[in-house]
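# Per-entry structural report
Here is how the chains run, residue by residue.
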Amino acid sequence: MSRSIEREIQVQASPEVVYEVISSPEHLQEWWPEEAELVAEPGATGSVTFRRPEGDIIQPVTVVEADPPRRFAFRWSYAGEPAAAEDNSLLVTFDLIPAGGGTLLRFAETGYDVANKSDEELADHTSGWDYFLPRISPYAAKLAQRP
């Protein structure tokens, strides 16, 4: 059995709005990292930064897929590691499916086995995503209300 994190969230906003929320730095920073630098184009590299009292955590990011408004995927690795590749990083995918006047957002983070990530890292990411992912829906719904 492969270790991964998978979640589904119903969002009361169109796939176009949800795609903005999960792929553009200004919106990512509203629900996930304190800082994001990336361009939603396959092959583009950037980073996400989490500010912590003990020091910033900067995670390198490589965009794998950008298919608005259907799918956005990126790989990320830890600071100081080689550039994110299939054998050393985690793959995060967001699939957006029109549903019920809004969007069904399917999230997955995979690659824990291939990248030799520990059970502790999996547990840390699971609790992190369980905190951050629910923040997407109210933020996207608020954006959907804009004139």
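What you see is a predicted model; the values in this text were computed from it and never measured.

Cut-off values and rules
Residues numbered from 1 in each chain as written. Predicted model: local features only at pLDDT ≥ 70, side-chain atom pairs only at ≥ 80, totals over all residues. Heavy atoms only, no water. Salt bridge = Lys/Arg side-chain N within 4 Å of Asp/Glu carboxyl O. Helix = DSSP H or I, 4+ residues; strand = E, 2+ residues; numbered from the N terminus. Buried < 20%, exposed > 50% of the residue type's maximum accessible area, 1.4 Å probe, protein only. UniProt positions renumbered as here; feature names shortened; annotations may be inferred. 1 Å grid on protein atoms, 1.4 Å probe; cavity = no way out; pocket = protein on both sides within 12 Å on 5 of 7 lines; lining within 4 Å. Points joined across faces, edges and corners; volume = space filled by probe spheres on them. Nonpolar A, V, L, I, M, F, W, Y, C, P; charged D, E, K, R; others polar. Pairing = 2+ DSSP bridges. Axes fitted to C-alpha atoms, helices over the stretch in contact; angles between N-to-C directions. Contact = heavy atoms within 4.5 Å. Phe/Tyr/Trp six-rings, centres within 6.5 Å; stacked < 30°, edge-to-face > 60°.

## A few points about the pattern of salt bridges
Two side chains of opposite charge can pair, provided their charged atoms sit close to one another. According to the stated counting rule, one finds eleven salt bridges in the structure shown. For the salt bridge of Asp130 with Arg7, the shortest nitrogen-to-oxygen distance reads 2.8 Å. With Asp130 in helix 3 (residues 119-132) and Arg7 in strand 1 (residues 5-11), this residue pair connects regions lying 123 residues apart in the sequence. What makes Arg7 partly exposed here is its relative accessible area of 29%. Connected through salt bridges with shared partners, the residues Arg3, Asp113 and Asp119 form a single ionic network.

## With respect to the UniProt feature "domain: Activator of Hsp90 ATPase homologue 1/2-like C-terminal" (unreviewed entry) in the chain
When the UniProt feature table is mapped onto this chain numbering, "domain: Activator of Hsp90 ATPase homologue 1/2-like C-terminal" (unreviewed entry) sits at residues 13-137. Secondary structure content for residues 13-137 is 26% helix and 36% strand, and the end C-alpha separation is 8 Å.

## Things to note about helix 1 (residues 15-23)
Most of helix 1 is tucked away, with seven of its nine residues classed as buried. Taken as a whole, helix 1 has its buried residues at Pro15, Val17, Val18, Tyr19, Val21, Ile22 and Ser23.

## A word on empty space enclosed by the protein
One pass over the structure, following the stated rule, counts one cavity of 30 Å³ or more. For the lining of the largest cavity, the class distribution of residues is three nonpolar, three polar and one charged.

## Digging into the sheet that holds strand 3 (residues 45-50)
In spatial order, the strands read 1-7-6-5-4-3-2; together these seven strands make up an open sheet with antiparallel pairing. The open sheet has two free edges, formed respectively by strand 1 and strand 2 (35-37), since each of these has just one partner strand. Strand-to-strand, the axes of this sheet are offset by a mean angle of 20°, without reference to chain direction. Taken together, the seven bridges between strand 1 and strand 7 (residues 102-110) define a ladder with antiparallel strand orientation. Within strand 7, the residue paired with Gln10 across the bridge is Leu104. Of the strands in this sheet, strand 1, strand 3, strand 5 (71-76), strand 6 (90-99) and strand 7 touch helix 3, which is tilted by about 0° from strand 1.

## Re unusual backbone geometry
Cis geometry marks the peptide bond from Pro68 to Pro69; its omega dihedral reads -5°. Note on placement: Pro69 falls in the loop between strand 4 (57-67) and strand 5. One non-glycine residue, Asn116, lies in positive phi territory at about 55°. On the accessibility criterion, Asn116 (67% relative accessible area) is exposed.

## Details of the packing of aromatic side chains
One pass over the structure, following the stated rule, counts 15 aromatic pairs. Between Phe50 and Phe132, the aromatic rings sit 6.2 Å apart at their centres with planes inclined by 45°, giving tilted as the arrangement. Residue Phe50 is located in strand 3, and its partner Phe132 is located in helix 3; the two are separated by 82 residues in the primary sequence. The exposure class of Phe50 is buried, given its relative accessible area of 6%. On the accessibility criterion, Phe132 (14% relative accessible area) is buried. With a centroid separation of 4.6 Å and an interplanar angle of 50°, the aromatic rings of Phe107 and Trp129 are classed as tilted. With Phe107 in strand 7 and Trp129 in helix 3, the pair connects residues that are 22 residues apart, well separated along the chain. Across the pair, exposure class does not vary: Phe107 and Trp129 are buried alike.

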